[in-house]
2 protein chains.
Amino acid sequence: MAAVKASSTIQENKHYALGLCPVTYTMEKIGGYWKPIILYHLSSGSKRYSELKRAIPAITEKMLIQHLRQMEADGLVLRESRPVVPPYVTYRLSQAGQGLKPVIRAMTAWAGKERAGEFGKKKK
Amino acid sequence: MAAVKASSTIQENKHYALGLCPVTYTMEKIGGYWKPIILYHLSSGSKRYSELKRAIPAITEKMLIQHLRQMEADGLVLRESRPVVPPYVTYRLSQAGQGLKPVIRAMTAWAGKERAGEFGKKKK
DNA sequence: ACAAGTACTTACCCTAAAGTATGTATCATG
DNA sequence: CATGATACATACTTTAGGGTAAGTACTTGT
């Protein structure tokens, strides 16, 4: 019945939606668990790789570097390395990355409000 | 070396981070691919289930209902069903859900700005 | 000579999220 | 009496994201 082909993945539809839904577009860039968190830590200024590592203890190095690279490729963060011998690499928000600050700020604000509300309510 | 047990997942650390990082908290609630998209469509007002389905053609029914349920449980959306015979169910943002509008709006604004910029630049 | 610190890289594995494909109940309509 | 619409449910499979662990290169400190 339904003339739905098994071979055509929904990924194609997603691509289609990408062109229409601005939120989808944004999620393609900052979606995933870690990216917003990294952006949050970079929103207060440029940080060294090791600083980020310490700021986000739960992240693995693989994830950290992977997402930094991805966001660098997406033009959200800028990487600067100084060719000194204990390597010195810093990351900071690009122009586009700075533009995400309102998103991060809105998230922070919402979390604050929600968490505050939780204390006013009973657990169950 | 680190006495890290293979059995103890990093989820515990995540839980720890949850208490500290407001962005993490927010991502726990609206993270994932579809939730922000659904919220975006609900931000313009209450919608029927089938309206949402049509508004987001790429989503599967399983994902749609699953995330609606999750967000209902999280107190972000409200479900209202009328016991008529072609079922009539509507979803809308709760008070807390309304509070996410700035986040959605910021995402929308950013996407608009970025996409506009793409036309000004050359492909490569 | 060896540990420690920096900024990564790589191979392998595992699970949770997402997708596919059906099925259900109810009524209206042709 | 079969079809279509509505609002789901559910079993099964796939995939991609994330986690573990270990290694690399270079230099300073002891």
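Residues numbered from 1 in each chain as written. Chains lettered and ligands numbered in written order. Predicted model: local features only at pLDDT ≥ 70, side-chain atom pairs only at ≥ 80, totals over all residues. Heavy atoms only, no water.

**Q** In this structure, what is going on with the relation of the copies chain B and chain A? I would like to understand it.
**A** The pair of chain copies shares a relation made of a rotation about an axis and a shift along it. Rotating chain B by 179° and moving it 0.0 Å along the rotation axis overlays it on chain A with an RMSD of 0.1 Å. One copy is carried onto the other by what is essentially a two-fold rotation axis. Among all residues of chain B, the minimum C-alpha distance to the rotation axis is found for Val103(B), at 2.7 Å. Counting the interface residues of chain B, we find that 100% of their copies in chain A are interface residues as well, pointing to one common contact surface. (Least-squares fit on C-alpha atoms with pLDDT ≥ 70 in both. Contact = heavy atoms within 4.5 Å.)

**Q** Explain the sheet that holds strand S1 (residues 47-48) of chain B to me, please; I cannot follow it from the model alone.
**A** Sheets are built from strands paired through backbone hydrogen bonds, the pairs being either parallel or antiparallel. Residue and element names in this part refer to chain B. What the three strands build is an open sheet, ordered S1-S3-S2; its pairing is antiparallel. Edge strands, defined here as strands with exactly one partner in the open sheet, are S1 and strand S2 (77-82). Note: S2 against strand S3 (residues 88-93), six bridges, orientation antiparallel. If you follow Arg-82 over to S3, its bridge partner there is Tyr-88. The strands touched by helix H3 (residues 35-42) are S1, S2 and S3; relative to S3, the strand with the most contacts, the crossing angle is about 100°. Against the sheet, helix H5 (residues 61-73) engages S2 and S3, with an angle of about 115° to S2. (Pairing = 2+ DSSP bridges. Helix = DSSP H or I, 4+ residues; strand = E, 2+ residues; numbered from the N terminus. Axes fitted to C-alpha atoms, helices over the stretch in contact; angles between N-to-C directions.)

**Q** Looking at this structure, I do not really get the interface of chain B and chain A. What am I missing?
**A** For interface size, the figure often reported is the accessible area lost on association. Across the contact, 39 residues belong to chain B and 40 residues belong to chain A. Interface area, chain B with chain A, both sides summed: about 3,600 Å², of which 73% is carbon and sulfur. Of all residues in chain B, the largest losses of buried area upon contact with chain A belong to Tyr25(B), Tyr33(B) and Trp110(B), amounting jointly to 20% of the total for that side. There are zero salt bridges connecting chain B and chain A. Considering every element that reaches the side of chain B that touches chain A, the biggest residue donor is helix H7 (residues 101-120) of chain B, with 12 residues. By residue class, the composition of the side of chain B that touches chain A is 24 nonpolar, eight polar and seven charged. (Buried area = accessible area lost by both parts, 1.4 Å probe. Salt bridge = Lys/Arg side-chain N within 4 Å of Asp/Glu carboxyl O. Nonpolar A, V, L, I, M, F, W, Y, C, P; charged D, E, K, R; others polar.)

**Q** Is there a simple way to think about the protein's contact with DNA strand D in this case?
**A** Close to DNA strand D lie 22 residues; Lys62(A), Val85(A), Glu61(B), Ile65(B) and Arg79(B) are nearest. The sugar-phosphate portion of DNA strand D accounts for 69% of its atoms within 4 Å of the protein, the bases making up the rest. One of the backbone nitrogen or oxygen atoms of Tyr33(A) is found 3.1 Å away from a phosphate oxygen of DNA strand D. Here the element with the most residues in the surface near DNA strand D is H5(B); it accounts for four residues. (Near = heavy atom within 4 Å. Polar contact = N/O pair within 3.5 Å; in protein donor to acceptor, adjacent residues only side chain to side chain.)

**Q** What should I look at first to understand the protein's contact with DNA strand C in this one?
**A** Surrounding DNA strand C, one finds 23 residues, the nearest of these being Glu61(A), Ile65(A), Arg79(A), Pro87(A) and Lys62(B). A share of 70% of the atoms of DNA strand C within 4 Å of the protein falls on sugar and phosphate groups. In this structure, a phosphate oxygen belonging to DNA strand C sits 2.9 Å away from a side-chain N or O atom of Arg69(A). Here Tyr33(B) contributes a backbone N or O atom positioned 3.5 Å from a phosphate oxygen of DNA strand C.

**Q** I'm lost on the environment of Val77(A) in this one. Help?
**A** All names here are of chain A. Following the sequence through the fold, Val-77 ends up in strand S2 (residues 77-82). Taking the C-alpha atoms as reference points, Val-77 and Leu-93, 16 residues apart in sequence, are found 4.4 Å from one another. Setting aside chain neighbours within four positions, we find Val-77 in contact with Leu-39, Leu-42, Leu-68, Met-71, Glu-72, Tyr-91, Arg-92, Leu-93 and Ser-94.

**Q** Just checking my understanding: could you explain the packing of helix H3 (residues 35-42) of chain A against helix H5 (residues 61-73) of chain A for this structure?
**A** Pairs of packed helices are described in terms of their axes, by the angle between the two and the distance that separates them. All names here are of chain A. Contact pair H3 / H5: the axes reach a minimum separation of 10 Å and the direction vectors enclose 80°. Here H3 is positioned roughly perpendicular relative to H5, judged by the angle of their axes. Residues Lys-35, Ile-38 and Leu-39 of H3 form the contact with H5, whose own contacting residues are Leu-64, His-67, Leu-68, Gln-70 and Met-71. Residues of the contact of H3 with H5, tallied by class, amount to five nonpolar, two polar and one charged. (Parallel < 35°, antiparallel > 145°, perpendicular 65-115°, else oblique.)

**Q** Help me out: how do you make sense of the pattern of salt bridges in this one?
**A** Two side chains of opposite charge can pair, provided their charged atoms sit close to one another. Residues and elements named next belong to chain A. This model, assessed by the stated rule, comprises four salt bridges over all chains. Across the pair Glu-80 and Arg-92 runs a salt bridge, and its minimum N-O distance is 2.7 Å. Remark: Arg-92 occurs in strand S3 (residues 88-93) and Glu-80 occurs in strand S2; sequence separation between them is 12 residues.

**Q** Please explain the packing of aromatic side chains as it appears in this structure.
**A** For any pair of aromatic rings, geometry is given as the distance between the ring centres together with the angle between the planes. Taken as a whole and judged by the stated rule, the model has four aromatic pairs over all chains. Here Tyr33(A) and Trp34(A) contribute two aromatic rings whose centre-to-centre distance is 4.8 Å and whose plane-to-plane angle is 80°, an arrangement assigned as edge-to-face. One cation-aromatic arrangement involves Arg115(A) over Tyr25(B); the distance from NZ or CZ to the ring centre is 4.8 Å. (Phe/Tyr/Trp six-rings, centres within 6.5 Å; stacked < 30°, edge-to-face > 60°. Lys NZ or Arg CZ within 6 Å of the ring centre and 35° of its normal.)

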